[in-house]
Amino acid sequence: MSYTVTIMKKILIILSSLIIAFVLASGVLTWMYTSSEEYTSDYFDNSTFINGVNCSSCTYEETEKKLVDNRNEMTVVMKGDLDDVLAVYRDFDFTYDIDSAIADVKRDHPVAAAFNHYLGIPLSVSVSMNITEDNGNLKEQIENTPFIKSKSTSESQNAYVDLSDPSFPIINEVYGTKPDVNKLYEDLVKTVEIGERVFTFEENDYLDIPDIKSDNEKLLKHQRFCLEYLGQKIEYKLGSETFTIPAEELETLMDDDYSGNADPGAVRNYVAALGEKYDNAGKDRSFKSLTGKDVSVKGGTYGWRIDTDKETDKLTADINSHKDVSREPIWAVEGYGDYSDDLGDTYVDADLGAQHVTVFKDGKNVFECDFVSGNEVMGHSTPTGSFYIVNHFRNLVLRGDNDDGTQYESPVKYWCGFYMASHGFHDADWRNSFGGTIYIRNGSHGCINMPPSKMGEFYDTVVDGMPVIVHR
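Please read all numbers here as calculations on a predicted model, not as lab measurements.

Student: Where do I start with the overall build of the chain in this structure?
Tutor: A count of helical and extended segments in the chain gives 15 helices and 26 strands. Taking 2.2 N^0.38 as the reference for a compact globule, 472 residues should give roughly 23 Å; the C-alpha atoms of the chain span a radius of gyration of 44 Å, well beyond that estimate. Projected onto its principal axes, the C-alpha coordinates of the chain cover approximately 155 × 60 × 40 Å. Within the chain, the fraction of its 472 residues that count as buried is 40%. Long-range pairs, those at least 24 residues apart, make up 65% of the contacts in the chain between residues at least 6 apart in sequence. For the chain, the exposed area adds up to about 25,900 Å²; of that, 50% sits on carbon and sulfur atoms.

Take a look at the structure:
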């Protein structure tokens, strides 16, 4: 018995000595290595393997390229519950954050690195391949996977309030069969990061569960809001067109606190959008006149334009009243008769080329005569465009400057203005003839001179607001 104990003691002493010697030798080798230039160099010794990739005698930069290429060139096989292959993903183009990890290999494994350097013992370590950017098409590969793209799959749908139904019912959520592509993508990215080449697809893990269900308290609160406020009817009348603000749009014009109060900023934007759609004052027009001539004019003053400030205030008040409303917009500029994007069939046609004016009422020619327009040579051409009769006056004295600097005073019996305060139709008893080419060198200062024998009839025929189209 004592003999066996003695033997055991000797063995323990020998083992202890060997361990101590090994530890001392390891310490010395490690100290020598960490004090050498090789430790701080930017390359690895022979027999260096990182993530299973042979990086022997490679610089850090070369090592990074090898590791990135190796990981991006790998193939990931996605298998189903029955070990059947569902898809194969390859040709990755990820960017990895591994610079510091490669530089820290020697520092993190000094003993193994020392043994590798002095004794040639292989250094085999792993570094994390953290993906920072996807420069490739993995998401697209997933979306195009046949079993995901299959027509038999459907997407989940959240429960919602049906704003198209006046009773505002809650439409229940729908559980789809199409996998959650985003979650699957994230898990496949992690699979590539850890270097796994087989990915098992568990269908239940990727069902796209609806975020909002029919018993969701916020959804129920939204329904109560809809029932209380979105049943209001706000109807706009624009000539032959009438429309009601839909419930889904009416909601966007209210504060998002479910108070039912109008959001002035949203209302102003809505009114501005109405203006962009329906304003037509002074727009370019191309049409066939009732005279039979094709007419094209740019600009002018005739038409309709919504008063943005006043209409914003009015619509805000309408929404806050929570009462049904049916009306026209508040116009800053208003055309003749009911709203229309066209001139209609009642207007004054002043043809500068023909020096002839025709008045139509309800499509019928009720007046016409020749005239003399602005002097072309002296730069007093009568402006073209779509205008309207601004005013009627009797027995005026027209005053202005002649081209030689003198002033003129011209008494007229009739005046019908159509362009600001400076241009209009008026009688010109100082002229003996009208029409033809008189206007080119002997025209007016821009007004349309009418025969005294016809101006009274014209004055009685046209009314304020009637469109005036002046063209060549």
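The structure having been displayed, the exposition proceeds.
Student: Whenever I open this one, empty space enclosed by the protein confuses me. Can you help?
Tutor: Empty space left among the atoms is revealed by rolling a probe the size of a water molecule over them. By the definition in use, this model includes one cavity of 30 Å³ or more. In terms of lining, the largest cavity is formed by Y33, F44, D45, T48, K106, A113, N116 and L123. Grouping the amino acids of the lining of the largest cavity by side-chain chemistry returns four nonpolar, two polar and two charged.

Student: Honestly, the layout of surface pockets in this entry has me stumped. Any pointers?
Tutor: Computed from the structure, the largest pocket encloses a volume of approximately 430 Å³. Taken together, 22 residues line the largest pocket, and the ones lying closest to its centre are Y408, H426, W430, S444 and H445. Elements with a minimum of two residues in the lining of the largest pocket: strand 22 (391–401), strand 23 (407–419) and strand 24 (423–427). At three residues, the largest contribution of residues to the lining of the largest pocket is made by strand 23. Here the residues of the lining of the largest pocket are counted per class, giving six nonpolar, 13 polar and three charged.

Student: What should I look at first to understand unusual backbone geometry in this one?
Tutor: Most peptide bonds take the trans form, and the phi angle of most residues other than glycine is negative. Its identity as a non-glycine residue notwithstanding, H322 has a phi of 60 degrees, on the positive side. For H322, the position within the fold is in the loop between helix 13 (308–321) and strand 16 (325–327). The class for H322 is partly exposed, based on a relative accessible area of 33%.

Student: Is there a simple way to explain the sheet that holds strand 26 (residues 467–471) in this structure?
Tutor: Within a beta sheet, neighbouring strands are joined by backbone hydrogen bonds and run either parallel or antiparallel to one another. Overall, mixed pairing links the five strands, which are arranged 20-19-18-26-21 in an open sheet. Strands at the two margins of the open sheet, each flanked by one partner only, are strand 20 (364–370) and strand 21 (385–388). Adjacent strand axes in the sheet meet at a mean angle of 20 degrees, parallel and antiparallel pairs treated alike. Pairing geometry for strand 18 (residues 347–351) and strand 19 (residues 356–361), over five bridges, is antiparallel. Pairing of V348 across the sheet is with V359, part of strand 19. Of the strands in this sheet, strand 18, strand 19 and strand 20 touch helix 15 (residues 452–461), which is tilted by about 145 degrees from strand 20.

Student: Is there a simple way to think about the packing of aromatic side chains in this case?
Tutor: To describe a pair of aromatic rings, one takes the distance between the centres and the angle between the planes. Following the criterion strictly, the structure yields 22 aromatic pairs and no others. With a centroid separation of 5.5 Å and an interplanar angle of 35 degrees, the aromatic rings of Y236 and F243 are classed as tilted. Taken together through their ring pairs, the aromatic side chains of Y236, F243, Y278, Y302, W304, W331 and Y339 make up a single cluster. It is K106 that lies over the ring of Y43; its NZ or CZ is 5.6 Å from the centre. The ring of Y185 has K139 lying over it, and the distance from NZ or CZ to the ring centre is 5.1 Å.

Student: In this structure, what is going on with the sheet that holds strand 24? I would like to understand it.
Tutor: The four strands are arranged 22-23-24-25 in an open sheet whose pairing can be described as mixed. The sheet terminates laterally at strand 22 and strand 25 (448–450), the two strands that pair on one side only. Pairwise comparison of adjacent strand axes, ignoring direction, gives a mean angle of 40 degrees for this sheet. Where strand 22 and strand 23 come together, 10 bridges link them in antiparallel fashion. Looking at strand 23, one finds that D401 is bridged to Q407. Sitting on the sheet, helix 15 touches strand 22, strand 23, strand 24 and strand 25, and the angle it makes with strand 23 is about 35 degrees.

Student: Honestly, the nonpolar core in this entry has me stumped. Any pointers?
Tutor: As a rule of thumb, nonpolar side chains are buried together in soluble globular proteins. If you look at the biggest cluster of nonpolar residues, it comprises 40 residues, and the most contacted ones within it are L67, F94, L138, I142 and L184. Broken down by secondary-structure element, the contributors of at least two residues to this core are helix 3 (60–72), strand 3 (76–79), strand 4 (85–89), strand 5 (94–96), helix 6 (110–119), strand 6 (123–125), helix 7 (138–143) and helix 9 (181–194). Among the elements that make up this core, the one with the highest residue count is helix 9 (six residues). Not counting chain neighbours up to four residues away, the residues in contact with F94 comprise V68, N72, I131, E133, D134, N135, L138, Y185, V189 and V192. Among the nonpolar cores identified, the runner-up in size contains 39 residues, and I170, L230, L238 and W331 belong to it.

Student: Just checking my understanding: could you explain the side chain of S56 for this structure?
Tutor: Along the chain, S56 turns up in the loop between strand 2 (53–54) and helix 3. In terms of polar contacts, S56 uses its side chain to reach the backbone amide nitrogen of T48, at 3.3 Å. Separated by 2.6 Å, the side chains of S56 and N54 make a polar contact. Residues in contact with S56, not counting those within four places in the same chain, are F44, D45, N46, S47 and T48.

Student: Looking at this structure, how should I read the pairing of strand 23?
Tutor: Where a strand is regular, its side chains alternate between the two sheet faces. Hairpin remark: strand 22 followed by strand 23, antiparallel, with five residues in the connecting loop; positive phi at G405, about 95 degrees. As judged from the four bridges shared by strand 23 and strand 24, these two strands associate in the antiparallel manner. Across the sheet, Y419 pairs through a bridge with H423, a residue of strand 24. Hairpin connection, strand 23 to strand 24: the antiparallel pair is bridged by three residues, and M420 has positive phi, about 50 degrees.

Student: I keep staring at the pattern of salt bridges and nothing clicks. Help me out?
Tutor: Between side chains of opposite charge, pairing is possible as soon as their charged atoms come close. Within this structure, the stated rule accounts for 18 salt bridges. R107 serves as the salt-bridge partner of D108, at 3.3 Å between the closest nitrogen and oxygen. The partner of R472 in a salt bridge is E376, with the nearest N and O atoms 2.7 Å apart. Taken as a pair, R472 in the segment after strand 26 and E376 in the loop between strand 20 and strand 21 lie far apart in primary sequence, 96 residues in all. Given a relative accessible area of 45%, R472 falls into the partly exposed group. Put simply, E311, K314, D318 and R327 are held in one network by salt bridges that share partners.

What counts, and where the lines are drawn
- Residues numbered from 1 in each chain as written.
- Predicted model: local features only at pLDDT ≥ 70, side-chain atom pairs only at ≥ 80, totals over all residues.
- Heavy atoms only, no water.
- Helix = DSSP H or I, 4+ residues; strand = E, 2+ residues; numbered from the N terminus.
- Rg over C-alpha atoms; globule rule 2.2 N^0.38 Å.
- Buried < 20%, exposed > 50% of the residue type's maximum accessible area, 1.4 Å probe, protein only.
- Contact = heavy atoms within 4.5 Å.
- Areas by Shrake-Rupley, 256 points an atom, 1.4 Å probe, with all protein chains shown as cover.
- 1 Å grid on protein atoms, 1.4 Å probe; cavity = no way out; pocket = protein on both sides within 12 Å on 5 of 7 lines; lining within 4 Å.
- Points joined across faces, edges and corners; volume = space filled by probe spheres on them.
- Nonpolar A, V, L, I, M, F, W, Y, C, P; charged D, E, K, R; others polar.
- Pairing = 2+ DSSP bridges.
- Axes fitted to C-alpha atoms, helices over the stretch in contact; angles between N-to-C directions.
- Phe/Tyr/Trp six-rings, centres within 6.5 Å; stacked < 30°, edge-to-face > 60°.
- Lys NZ or Arg CZ within 6 Å of the ring centre and 35° of its normal.
- Core = buried A, V, L, I, M, F, W, Y, C linked by side-chain atoms within 4.5 Å.
- Polar contact = N/O pair within 3.5 Å; in protein donor to acceptor, adjacent residues only side chain to side chain.
- Salt bridge = Lys/Arg side-chain N within 4 Å of Asp/Glu carboxyl O.

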